[in-house]
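Structure assessment
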Amino acid sequence: MTEEERWAYLVALDKELLKGGVILSEWCSFIVREADIAFANGAYLASILTSVSGVETYLRSEYGEKSRERLIDLIEKASLDAELTKDLHTLRQYRNKWVHVDDPWDDNCLLEGSDGKESELETMAFFAARALRRTIYENPWI
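Heads up: these notes are all about the structure in this document. (Residues numbered from 1 in each chain as written. Predicted model: local features only at pLDDT ≥ 70, side-chain atom pairs only at ≥ 80, totals over all residues. Heavy atoms only, no water.)

Moving on, we get to the side chain of arginine 6. As for its placement among the helices and strands, arginine 6 is situated in helix H1 (residues 3-17). Buried within the structure, arginine 6 lacks any salt-bridge partner; its nearest side chain of opposite charge belongs to glutamate 122, at an N-O separation of 5.7 Å. Contacts of arginine 6, omitting those with residues within four sequence positions, involve Met1, Phe39, Ala40, Asn41, Gly42 and Tyr44. (Helix = DSSP H or I, 4+ residues; strand = E, 2+ residues; numbered from the N terminus. Buried < 20%, exposed > 50% of the residue type's maximum accessible area, 1.4 Å probe, protein only. Lys, Arg positive; Asp, Glu negative; His and termini not counted. Salt bridge = Lys/Arg side-chain N within 4 Å of Asp/Glu carboxyl O. Contact = heavy atoms within 4.5 Å.)

The structure is reproduced here in structure tokens:
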């Protein structure tokens, strides 16, 4: 898929999921923009990590009570659709595998050919882009 096709995918998500308008903090807007840029340029791991950051920033702005609440707690506290809640936990757990690498020297799966990991990352980046938008558009102004 080309960069233009990935941008078109994001635009299509916006058309599909945004029903009205939303108000986001500038932090959230900035992070979403960075996630989009990473996604469109094929930097899938960066896109996933930044998308989760966007989700967390949005949930913190809408549902957070303390500055140090964990993402898992923010997801559970938020009044989100059950399917979105499930998807955000899936995304959070996937992100955790990359952010908290248990054994950095256990890297055979990367050394023996990263094609499988790259395909997996691409799939999850599409999942993350959609989950991010479902989250930030969950409470639109109509």
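Look at helix H3 (residues 44-63) against helix H7 (residues 115-136): their axes get within 9 Å of each other, and the N-to-C directions meet at 20°. It follows from the interaxial angle that H3 and H7 lie roughly parallel. Along this stretch, H3 crosses H7, giving a crossing that reads as left-handed. On H7, the residues that touch Tyr44, Leu45, Ser47, Ile48, Ser51, Gly54, Val55, Tyr58 and Leu59 of H3 are Leu121, Glu122, Met124, Ala125, Phe126, Ala128, Ala129, Leu132, Thr135 and Ile136. Of the residues belonging to the contact of H3 with H7, the class tally is 14 nonpolar, four polar and one charged. (Axes fitted to C-alpha atoms, helices over the stretch in contact; angles between N-to-C directions. Parallel < 35°, antiparallel > 145°, perpendicular 65-115°, else oblique. Left-handed = near helix turned anticlockwise from the far one by under 90°. Nonpolar A, V, L, I, M, F, W, Y, C, P; charged D, E, K, R; others polar.)

A separate point is empty space enclosed by the protein. One pass over the full model with this rule turns up one cavity of 30 Å³ or more. Approximately 30 Å³ is the volume found for the largest cavity. In this structure, the largest cavity is lined by Val52, Val55, Leu71, Ile75, Leu88, Leu91 and Arg92. Grouping the amino acids of the lining of the largest cavity by side-chain chemistry returns six nonpolar, no polar and one charged. (1 Å grid on protein atoms, 1.4 Å probe; cavity = no way out; pocket = protein on both sides within 12 Å on 5 of 7 lines; lining within 4 Å. Points joined across faces, edges and corners; volume = space filled by probe spheres on them.)

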